[in-house]
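Okay, here's what each chain looks like letter by letter:
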Amino acid sequence: MPTSTIIGILALIITGYTFGSVRIINQGNEALVERLGRYHRKLKPGLNFIVPVFDSIVLKDTVREQLLDVPKQGAITKNNVSLDVDAVVYWRILELELTYYAIEDVEEAIKELVTTTLRSAIGRMEFEETFSSRDELNQKLLSQLDEATEPWGVKVTRVEVQEIIPPEEVRRSMQKEQAAQLKSRAAVLEAQGDRKATIERAEATVESIQMLSKALQQGTQDAAQGVGANNTAEILKYLLAQSYVEANQKLGASENSKVVFMNPELLTDGLVRLMEDTAPPLDPTTKTKDFPSRNRP
């Protein structure tokens, strides 16, 4: 056999061996190699070489964080209330060889472990605590799952309880209770508002009375000292007329139907008398342009 033929055969063998031994692992993945049926080593991201025929890659998986959605599961609280609960689990592989050789199906195992741990945690809580202590529930689940999955080479990074669904009867009772609380809170706020408004009106009334009293006292003192006329009666009559008009305006502005039997003549005469009493008296010696005859001697 010619030497060139032998060299060509050897070159083909070396080339085939080289191509057969090269393995490229992408970033974020790892692979397990067995040699003659036994675990040999782990391939990291990048260019790797194995021995053809003797070595074989049995597993290539991601070591990035993964999401596992746990479907709704039935659970019973400490006070015997049935709930439907679901959750999501964030996990990642730390030791690929342990994940492959220590457990058959790691995802199914984590799902079953989450289900049993979730039922156990809710069984130790009251119904009201499942809503108010959700963060505490998540932390309990995370602690227990992280400890249980450590022999599998898995790290549970986060657990989030998504929904806690009580029975329909319990939900209706919760809605009624919440509506009653809101109604009671609204009644309390309304009562506080009415109380504040009443106090402010009373303070305003007291302040008005004090100002009016000071004005009347000042008018009386001025009249006693001869500084001015005592117009206390005129002020009181004016205030009485103003209150009467305001009362009639409020009566007319009311939405309720009312029938008031009044004599218009008496009403008009009363207002005229009030205005005449409050008006200053005319001086007989004063000349008027309306009635020239009055100016005659």
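Here we summarise the structure given alongside this text.

Let us now look at helix α5 (residues 134–149). Helical geometry note: an α-helix holds 3.6 residues per turn, so side chains three or four residues apart project in the same direction. Spanning 16 residues, α5 covers 22 Å between terminal C-alpha atoms, matching the ideal 22 Å at 1.5 Å per step. Looking at α5, one finds that the buried residues are L137, N138, L141, L142, L145 and T149. Each buried residue of α5 sits inside an arc of 135 degrees when the element is viewed along its axis, so together they form one side. For α5, exposure combined with an orientation more than 90 degrees from the buried face picks out Q139 and E147.

This part covers helix α3 (residues 106–123). Helix length check: α3 (18 residues) gives 26 Å between terminal C-alpha atoms against 26 Å at 1.5 Å per residue, within 8%. Each element contacted by the buried residues of α3 is listed here: β6 (66–76), β7 (82–93), α2 (96–102), α4 (129–132), α5 and β8 (154–165).

Before going further, it helps to spend a moment on the nonpolar core. Within the largest apolar cluster, 32 residues are counted, with the highest numbers of intra-cluster contacts made by V89, W91, I110 and L137. Where this core is concerned, the elements lending two or more residues are β6, β7, α3, α5 and β8.

Okay, the pattern of salt bridges next. By the definition in use, this model includes nine salt bridges. Across the pair E30 and K42 runs a salt bridge, and its minimum N-O distance is 3.7 Å. Of the two residues, E30 sits in strand β2 (residues 29–35) while K42 sits in strand β3 (residues 38–43), which places them 12 residues apart along the sequence. This pair shows no difference in class: E30 is buried, exactly as K42 is. Here E95 and K42 are joined by a salt bridge, their closest N and O atoms 3.8 Å apart. In this pair, E95 sits in the loop between β7 and α2 while K42 sits in strand β3, placing the two residues 53 residues apart along the sequence. When its relative accessible area of 32% is taken as the criterion, E95 is described as partly exposed.

Attention shifts here to the packing of aromatic side chains. How two aromatic rings sit relative to each other is set out by the distance from centre to centre and by the angle between their planes. Tallied over the entire structure, the rule returns two aromatic pairs. Here Y39 and Y101 contribute two aromatic rings whose centre-to-centre distance is 5.8 Å and whose plane-to-plane angle is 70 degrees, an arrangement assigned as edge-to-face. Taken as a pair, Y39 in strand β3 and Y101 in helix α2 lie far apart in primary sequence, 62 residues in all. A relative accessible area of 36% means that Y39 is categorised as partly exposed. With a centroid separation of 4.8 Å and an interplanar angle of 80 degrees, the aromatic rings of Y100 and Y101 are classed as edge-to-face.

A few words on the packing of α3 against α5. The contact between α3 and α5 brings their axes to 10 Å, and the two run at 135 degrees. On the basis of their axis angle, the class for α3 and α5 is oblique. The interaxial crossing formed by α3 with α5 has right-handed handedness. Every residue of α5 that contacts α3 at I110, L113, V114, T117, L118, A121 and I122 is listed here: L137, L141, Q144, L145, A148 and T149. Looking at the contact of α3 with α5 residue by residue, the class counts come to 10 nonpolar, three polar and no charged.

Here the focus is the sheet that holds β3. Spatial strand order, β3-β2-β5: three strands in an open sheet with antiparallel pairing. Here the strands that pair on one side only, and so sit at the sheet edges, are β3 and β5 (55–62). Across the sheet, the axes of successive neighbouring strands diverge by a mean angle of 25 degrees, strand direction being ignored. Pairing of β2 with β5, which is carried by seven bridges, proceeds in the antiparallel orientation. The residue bridging L32 from the neighbouring strand is L59, located in β5.

This part is about the side chain of T149. Within the secondary structure, T149 sits in helix α5. Exposure remark for T149: the relative accessible area of 0% places this residue in the buried category. Within the structure, the side chain of T149 is placed 2.7 Å from the backbone oxygen of L145, a separation counted as a polar contact. Aside from chain neighbours lying at most four places away, what touches T149 is I110, L113, V154 and V156.

It is worth spelling out the pairing of β3 at this point. Bridge analysis of β2 against β3 gives five bridges, and the strand direction is antiparallel. When the bridges of β3 are listed, A31 appears paired with L43. Where β2 hands over to β3, the hairpin turn is made up of two residues, of which L36 adopts a positive phi near 55 degrees.

Moving on to the environment of V22. Mapped onto the elements, V22 comes out in strand β1 (residues 22–25). Each C-alpha atom, one on V22 and one on N48, is 5.8 Å from the other, the two residues being 26 residues apart in sequence. If sequence neighbours within four positions are ignored, V22 has contacts with L47, N48 and F49.

Rules and cut-offs
Residues numbered from 1 in each chain as written. Predicted model: local features only at pLDDT ≥ 70, side-chain atom pairs only at ≥ 80, totals over all residues. Heavy atoms only, no water. Helix = DSSP H or I, 4+ residues; strand = E, 2+ residues; numbered from the N terminus. Expected span 1.5 Å × (residues − 1). Buried < 20%, exposed > 50% of the residue type's maximum accessible area, 1.4 Å probe, protein only. Arc of directions from axis to C-beta. Contact = heavy atoms within 4.5 Å. Core = buried A, V, L, I, M, F, W, Y, C linked by side-chain atoms within 4.5 Å. Salt bridge = Lys/Arg side-chain N within 4 Å of Asp/Glu carboxyl O. Phe/Tyr/Trp six-rings, centres within 6.5 Å; stacked < 30°, edge-to-face > 60°. Axes fitted to C-alpha atoms, helices over the stretch in contact; angles between N-to-C directions. Parallel < 35°, antiparallel > 145°, perpendicular 65-115°, else oblique. Left-handed = near helix turned anticlockwise from the far one by under 90°. Nonpolar A, V, L, I, M, F, W, Y, C, P; charged D, E, K, R; others polar. Pairing = 2+ DSSP bridges. Polar contact = N/O pair within 3.5 Å; in protein donor to acceptor, adjacent residues only side chain to side chain.

Keep in mind these values describe shape, not function.
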